[in-house]
Amino acid sequence: MEWREEAIILGVKRHGETSVIAEVMTRERGRHLGIVRGGRSRRQQPVLQPGNQVEVTWRARLHEHMGAFTLEPLAFRAARLMETALGLNGVQLLAAHLRLLPERDPHPRLYDGLGVILDHLDGKAGAAELILRFEIALLEELGYGLDLERCAATGRREELVYVSPKTGRAVSREAGAPWADKLLPLPGFLAPQPACDADPAALAAGFRLTGYFLARHVWEPRGIPEPDARFGVLAALARG
């Protein structure tokens, strides 16, 4: 069996004396693993860095086998990503998020978003919003999407300022007033009628929002901690 597709390197681990197991994200086949023969060579190591874009050819005798990869470089992003704390932690965080998905399960929206974010990790404000929206999309792909379009109580789209921690649905200022201390803040730039820009305070509130639902629905049920890289991303953003 064989297929060929563009992919983004997520990570590698050693396999034997000279090879590695590469983990890539593809648009049509999702997160995929494969053995790269000679992957620890001087020629292959620069290619097999997280964030790089490659053309991958996968071959295996049976579909369920891990198979082997042959890689051709298309875009080298890794050196640039490693220059900053945001870039280094950002690519690690995105890889950790994608590992929450089943292997070989296609998620083209997340693949497209991954490429856009990796190309913009040198701009902190823009990158922060992209990563946050990636987390919102990830929750949706995992089956825990947030409904931020209409008030859960009234159905209105105006003045949405809260999110229910139980349902993940937006709540308007008036409807949520009696329970304001029990509701999560909804940053204005995430509302259907944006009420503010994605400034540092709003972005911090947004990451607290996605972090709450990732912890509740994903990390805690699976018995895994919040990724260290997420703390690294938030620390890099806080430094401005």
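Residues numbered from 1 in each chain as written. Predicted model: local features only at pLDDT ≥ 70, side-chain atom pairs only at ≥ 80, totals over all residues. Heavy atoms only, no water.

## Considering the nonpolar core
Phase 1: Core analysis: the biggest nonpolar cluster contains 56 residues, and Leu98, Leu114, Leu118, Leu121, Leu186, Leu190 and Leu209 have the highest contact counts within it.
Phase 2: Where this core is concerned, the elements lending two or more residues are strand E1 (2-15), helix H2 (85-98), helix H3 (108-118), helix H4 (124-141), strand E6 (160-163), strand E7 (170-172), helix H6 (200-222) and helix H7 (228-238).
Phase 3: Sequence-distant contacts of Leu186, that is, excluding residues within four places in its chain, are made with Leu148, Leu160, Val161, Tyr162, Val163, Ala170, Ala191 and Leu209.
Phase 4: If you look at the next biggest cluster of nonpolar residues, it comprises 15 residues, including Ile9, Val20, Val54 and Phe69. (Core = buried A, V, L, I, M, F, W, Y, C linked by side-chain atoms within 4.5 Å. Buried < 20%, exposed > 50% of the residue type's maximum accessible area, 1.4 Å probe, protein only. Helix = DSSP H or I, 4+ residues; strand = E, 2+ residues; numbered from the N terminus. Contact = heavy atoms within 4.5 Å.)

## Details of the packing of H2 against H3
Phase 1: The contact between H2 and H3 brings their axes to 11 Å, and the two run at 175°. Relative to H3, the element H2 is oriented roughly antiparallel. Residues Val91, Leu94 and Leu98 of H2 form the contact with H3, whose own contacting residues are Leu110, Leu114, Ile117 and Leu118.
Phase 2: In the contact of H2 with H3, the residues fall into seven nonpolar, no polar and no charged. (Axes fitted to C-alpha atoms, helices over the stretch in contact; angles between N-to-C directions. Parallel < 35°, antiparallel > 145°, perpendicular 65-115°, else oblique. Nonpolar A, V, L, I, M, F, W, Y, C, P; charged D, E, K, R; others polar.)

## A word on H6
Residue pairs three or four apart in sequence face the same way in an α-helix, which turns once every 3.6 residues.
Phase 1: Taking 1.5 Å of rise per residue, 23 residues should cover 33 Å, and H6 covers 30 Å from first to last C-alpha, within 8% of that figure.
Phase 2: The largest bend along H6 measures about 50° and falls at Ala215.
Phase 3: Two residues or fewer after H6 comes Gly223, characterised by a positive phi angle close to 70°. (Expected span 1.5 Å × (residues − 1). Bend = angle between axes of the 7 residues up to and from the residue.)

## Things to note about unusual backbone geometry
Phase 1: The phi torsion at Arg104 lies on the positive side, around 65°, for a residue other than glycine.
Phase 2: With respect to the helices and strands, Arg104 occurs in the loop between H2 and H3.
Phase 3: Within the chain, Glu159 stands out as a residue other than glycine whose phi angle is a positive 50°.
Phase 4: Take Glu159: it is sitting in the loop between H4 and E6.
Phase 5: Assessed through its relative accessible area of 53%, Glu159 is described here as exposed.

## Some details on the packing of aromatic side chains
Phase 1: Within this structure, the stated rule accounts for three aromatic pairs.
Phase 2: Relative to Phe69, the ring of Trp3 has its centre 6.4 Å away and its plane inclined at 65°; by these criteria the two rings are edge-to-face. Highlighted residues: Trp3 in strand E1 and Phe69 in strand E5 (residues 68-75), separated in sequence by 66 residues. With respect to class, Trp3 is no different from Phe69; both count as buried.
Phase 3: Ring geometry for Tyr212 and Phe213: centres 5.0 Å apart, planes at 85°, overall edge-to-face.
Phase 4: An aromatic cluster is defined as three or more aromatic residues linked by ring pairs; in this entry it consists of Trp3, Trp58 and Phe69. (Phe/Tyr/Trp six-rings, centres within 6.5 Å; stacked < 30°, edge-to-face > 60°.)

## So, H2
Phase 1: Taking 1.5 Å of rise per residue, 14 residues should cover 20 Å, and H2 covers 20 Å from first to last C-alpha, within 8% of that figure.
Phase 2: Here H2 lies mainly inside the structure; 10 of its 14 residues are buried.
Phase 3: Those residues of H2 not exposed but buried are Leu86, Gly87, Asn89, Gly90, Val91, Leu93, Leu94, Ala95, His97 and Leu98.

## With respect to the sheet that holds E7
The strands that make up a sheet pair up through hydrogen bonds in the backbone, lying either parallel or antiparallel.
Phase 1: Read from one edge of the open sheet, three strands run E7-E6-E8, paired in antiparallel fashion. Unpaired on one side and paired on the other, E7 and strand E8 (184-185) mark the two borders of the sheet.
Phase 2: Bridging between E6 and E8 involves two bridges; their strand directions are antiparallel. Across the sheet, the residue bridging to Tyr162 is Pro185, located in E8. (Pairing = 2+ DSSP bridges.)

## Quick look at the side chain of Thr26
Phase 1: Relative to the elements of secondary structure, Thr26 occurs in strand E2 (residues 19-26).
Phase 2: Looking at Thr26, its side chain comes within polar contact range of the main-chain nitrogen of Arg29, at 3.0 Å.
Phase 3: For Thr26, the residues in contact, after removing those within four places along its chain, are Trp3, Glu5, Glu6, Ala7 and Tyr111. (Polar contact = N/O pair within 3.5 Å; in protein donor to acceptor, adjacent residues only side chain to side chain.)

## Some details on the pairing of strand E4 (residues 53-59)
Phase 1: Within E4, five of the seven residues are buried, which leaves it mostly tucked inside the rest of the structure.
Phase 2: Where E1 lies against E4, seven bridges are found, and the strand directions are antiparallel. Across the sheet, Ile8 pairs through a bridge with Gln53, a residue of E4.
Phase 3: As paired elements, E4 and E5 share seven bridges and run antiparallel to each other. Looking at E5, one finds that Gln53 is bridged to Ala75.

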